[in-house]
Amino acid sequence: MCGIVGYVGKQRAVSIIIEGLKRLEYRGYDSAGVCVLQGGQLDVAKKAGRVEVLAKEAARHRFNGTTGIGHTRWATHGGVTDANAHPHVSSDGKFALIHNGVIENYSQMKQFLVGKGYTFASETDTEVLCNLIAYHYAKEPVGQNGGSRFVECVRKSLQHVEGTYGIVVLGVDFPGEMVAARKASPLILGVGDGEYIIASDASALVSRTQNVVYLKDGEIVHITPAAFSITTLDQEDVSPVVDRITWSVADADMGDYAHFMEKEIFEQPQALENTMRGRFSEDGSTANFGGLNITAAELRQIDRFLFCACGTAWHACLVTEHLIERFARIPCEVDYASEFRYRNTPLHSNTLFFVISQSGETIDTLAALREAKRKGYKALAINNVVGSTIAREADGGIYQHVGPEIGVASTKAFTSQLMVGAMVALYVARLRDMSFSDGVQYVKALKGAPALVRKALEQAPHIRAIAKRFAGYHDMLFLGRLSLFPLALEGALKLKEISYIHAEGYPAAEMKHGPIALISEKCPSVFFAPAGEIFPKIVSSMQEIKARKGPVIAIITEGCELPPGLADEVITIPDCHEAVLPMVAAIPIQLLSYYIAVERGCDVDKPRNLAKSVTVE
Ligand code: G6P
């Protein structure tokens, strides 16, 4: 939520910052701005609208300086206006600041600063912090030790802040320097060749360097063209660890696709391969995880799982719950991370706690993880972004290894989470009472998943034609049962988030208890109807919809036959093992939502009001 970039080096800062902002735009895209320190001034260009609008505005400024900061915003405090866009400059013109997060106690600080004569040009919480830094600086202007005085003013100000932040600050009296700090909002420092780039995530800097330092909560970094140093809010020195990013800028490019979402949908066979790679036992009967950090003996003691997540990742938890209970026969619960963190859920000592998060930065998921740890439980994470806050704070975990996911609507990260969940279920089941031969069957099925997903993707032209037919509707139901009930929720979420069509997901049989009142020729239903004992029950539910003139789109598995005329449209996916079915079933709903959104002319990768990484409550 909000993307931030800062640059110190020898190049024209503005080009590098705008390039970085374009890559971070998925984090927020209602306004954008840049500030360059040049000619003894903090020169700012900022506009409501996309980074493209800012790029045009910036071209009118003569930005030649080699130190600068930039921001792409997802509004929290204050509407979407030029004035509320970041960077903010203190009213004395001394400091400029970009911020991702929320300053909760900003109104008390604002009152205090107004009393001291500071003025405000925006309605944001961020401007308060910027003026607070200026206030601390004005109390004791720069002395001999110029650089560290800069850090001290930022540190003192942050000591008064309640809330969350990733900030980058420029000071007019500190040419070629930059100070950045974080608490709960991510920041990564790229260590380049004679230059430093600091950003919310690696996609903004990977074109210039793959050497990075992941800043931790409570750390402040001071950057000059020649060096950087890290201290904590409590003034302790930190020895930085430089990590290497394993992916390159090509992975974050759209290639020949029209949207990142389309690219990521079609990348799924490869993404699933990457998630599985090296994670099966030599005898081919179970899964192995290097970083789980829990012994087989400990896992045998576990008598309850609790999974927490938000959004699409929460749907992955629901599928995992189904598979763990079905195959490992261990009770499993799922909670929204945002609820768990405030509910005093009783946890039994043999409960194993898991979070699932693509970004590893979702604030509610992080808070749920911390709450579980605070209560003394082992808390593990399934996560895609290496080095993310959740990955670092979890007691152990499993990386998804699917590369950067840029489209706001999660696709390849979701199916990869389903794969990890299926592997966890297998691993635990094999430690209990799943037989060797059932394990071998299960592993074979998982290894076959990429090919089946590829086959499901071949339906794209057919699904595109269906999307054309249904793009004009205002409401849609998604119905499924058992492991495909969460897929019905996911289908409804995908459709509403990118095409703005109202959609609901329900267990197919539950539809009679309310949603059926919505059914008419104007409200189509998408049914998951896979082969199996539940198939005739789902067909009955379809009949009930059809009897009320509701159009039906049926997603069936190969070999199933529906009564003639029951479905208006049929999408056939390969029949497969229960652990793989949700991954394959995800494809038609992703494609249907995507093509409907395209048909309606929606901005698929940047849906209104949403952001990829939700780092505020
Ligand atoms: C946002 C995104 C969703 C995502 C959710 C959780 O709402 O738009 O696509 O599923 O956050 O994100 P996480 O990174 O924790 O998986």
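Residues numbered from 1 in each chain as written. Predicted model: local features only at pLDDT ≥ 70, side-chain atom pairs only at ≥ 80, totals over all residues. Heavy atoms only, no water.

With that settled, the discussion passes to the pairing of strand S16 (residues 304-309). Judged by how many residues are buried, S16 sits mostly within the fold: 6 of 6 residues are covered. Side chains Arg304, Leu306 and Cys308 project from S16 onto one buried face, and the interleaved Phe305, Phe307 and Ala309 project onto a second face that is buried too. Pairing of S16 with strand S18 (residues 351-357) involves 5 bridges; the strand directions are parallel. Paired with Arg304 across the bridge in S18 is Thr351. By the bridge criterion, 5 bridges tie S16 to strand S17 (residues 332-336) in an arrangement that is parallel. By the bridge assignment for S17, Phe307 is matched with Val334. (Buried < 20%, exposed > 50% of the residue type's maximum accessible area, 1.4 Å probe, protein only. Helix = DSSP H or I, 4+ residues; strand = E, 2+ residues; numbered from the N terminus. Pairing = 2+ DSSP bridges.)

All right, on to the nonpolar core then. One broad trend across soluble globular proteins is that nonpolar side chains are buried collectively. One finds Phe305, Phe307, Tyr442 and Leu446 to be the most contacted residues of the largest nonpolar core, which totals 97 residues. Counting only domains with at least three residues in this core, you end up with domain 2 (253-447) and domain 3 (458-605). Setting aside anything within four residues of it in sequence, one finds Phe307 in contact with Cys317, Thr320, Ile324, Cys332, Glu333, Val334, Asp335, Phe354, Ile356 and Ile382. Grouped together as the second largest cluster of nonpolar side chains are 34 residues, Val5, Ala13, Phe63 and Ile188 included. (Core = buried A, V, L, I, M, F, W, Y, C linked by side-chain atoms within 4.5 Å. Domains from an automatic or database assignment. Contact = heavy atoms within 4.5 Å.)

What follows covers the environment of Asp283. Relative to the elements of secondary structure, Asp283 occurs in the loop between helix H7 (268-276) and helix H8 (296-301). For Asp283, a relative accessible area of 43% gives the class partly exposed. When neighbours within four sequence positions are excluded, Asp283 is seen to be in contact with Phe436 and Val440. Here the side chain of Asp283 touches Ser281 through a polar contact of 2.5 Å, side chain to side chain. A polar contact is formed between the side chain of Asp283 and the backbone nitrogen of Ser285, at a distance of 3.0 Å. (Polar contact = N/O pair within 3.5 Å; in protein donor to acceptor, adjacent residues only side chain to side chain.)

This part takes up the environment of Val604. Following the sequence through the fold, Val604 ends up in the segment after helix H18 (581-599). On the basis of relative accessibility, which here comes to 0%, the residue Val604 falls in the buried class. A C-alpha to C-alpha distance of 23 Å links Val604 and Ala309, two positions 295 residues apart in sequence.

The parallel open sheet is built from 5 strands, whose spatial order is S22-S21-S23-S24-S25. Each edge of the open sheet carries a strand with a single partner, namely strand S22 (502-507) and strand S25 (569-573). Ignoring strand direction, the axes of neighbouring strands in this sheet form an average angle of 15 degrees. In this sheet, strand S23 (residues 525-529) lies alongside strand S21 (residues 475-480) in parallel orientation, the contact comprising 3 bridges. Pairing of Leu479 across the sheet is with Phe527, part of S23. Lying over the sheet, helix H17 (residues 535-546) contacts S23 and strand S24 (552-557), oriented at roughly 165 degrees with respect to S23. (Axes fitted to C-alpha atoms, helices over the stretch in contact; angles between N-to-C directions.)

As for its position among the elements, Lys263 is in helix H6 (residues 260-266). Among the residues examined, Lys263 registers a relative accessible area of 9% and is labelled buried. In contact with Lys263, not counting residues within four places along its chain, are Ala250, Asp251, Asp253, Met254 and Tyr257.

Turning to the pattern of salt bridges, a few remarks are in order. Tallied over the entire structure, the rule returns 29 salt bridges. Here Asp82 and Lys47 are joined by a salt bridge, their closest N and O atoms 3.5 Å apart. In this pair, Asp82 sits in the loop between strand S4 (67-73) and strand S5 (88-89) while Lys47 sits in strand S3 (residues 41-48), placing the two residues 35 residues apart along the sequence. Judged by its relative accessible area of 35%, Asp82 falls in the partly exposed class. Assessed through its relative accessible area of 24%, Lys47 is described here as partly exposed. Glu599 is paired through a salt bridge with Lys468; the nearest N and O atoms lie 3.6 Å apart. Of the two residues, Glu599 is situated in helix H18 and Lys468 in helix H15 (residues 460-470); the sequence distance between them amounts to 131 residues. The class for Glu599 is partly exposed, based on a relative accessible area of 38%. Judged by relative accessible area, Lys468 falls into the exposed class, the value being 51%. Through salt bridges that share partners, Arg182, Asp217, Arg370 and Glu393 make up one connected network. (Salt bridge = Lys/Arg side-chain N within 4 Å of Asp/Glu carboxyl O.)

This part takes up the domain arrangement of the protein. Annotation of the protein at the domain level lists domain 1 (3-246), domain 2 (253-447) and domain 3 (458-605). Summarising the inter-unit geometry, the C-alpha centres of domain 1 and domain 3 are found 45 Å apart.

What surrounds the ligand is a group of 13 residues, the closest being Thr312, Ser357, Gln358, Ser359 and Thr362. Separating an oxygen atom of the ligand from a side-chain N or O atom of Ser357 is a distance of 2.6 Å. Within the backbone of Val408, a nitrogen or oxygen atom sits 3.2 Å from an oxygen atom of the ligand. Top contributing element to the shell around the ligand by residue count: helix H9 (residues 311-328), with 3 residues. (Near = heavy atom within 4 Å.)

Right, let's talk about the side chain of Ser416 for a bit. Residue position: Ser416 is located in helix H13 (residues 412-431). Every residue in contact with Ser416, bar those within four places of it in the chain, is listed here: Leu272, Thr275, Gln400 and Val402.

Here the focus is the packing of aromatic side chains. Inspection of every chain in the model, using the stated rule, returns 18 aromatic pairs. With a centroid separation of 6.4 Å and 25 degrees between ring planes, the pair formed by Phe305 and Phe354 is classed as stacked. Residue Phe305 is located in strand S16, and its partner Phe354 is located in strand S18; the two are separated by 49 residues in the primary sequence. A relative accessible area of 0% means that Phe305 is categorised as buried. Look at Trp314 and Tyr336: their rings are 3.9 Å apart centre to centre, the planes differ by 10 degrees, and that puts the pair in the stacked class. Of the two residues, Trp314 sits in helix H9 while Tyr336 sits in strand S17, which places them 22 residues apart along the sequence. The class of Trp314 is buried, set by a relative accessible area of 11%. Here the guanidinium or amino end of Lys110 rests over the ring plane of Phe120, the centre of that ring lying 4.9 Å away. (Phe/Tyr/Trp six-rings, centres within 6.5 Å; stacked < 30°, edge-to-face > 60°. Lys NZ or Arg CZ within 6 Å of the ring centre and 35° of its normal.)

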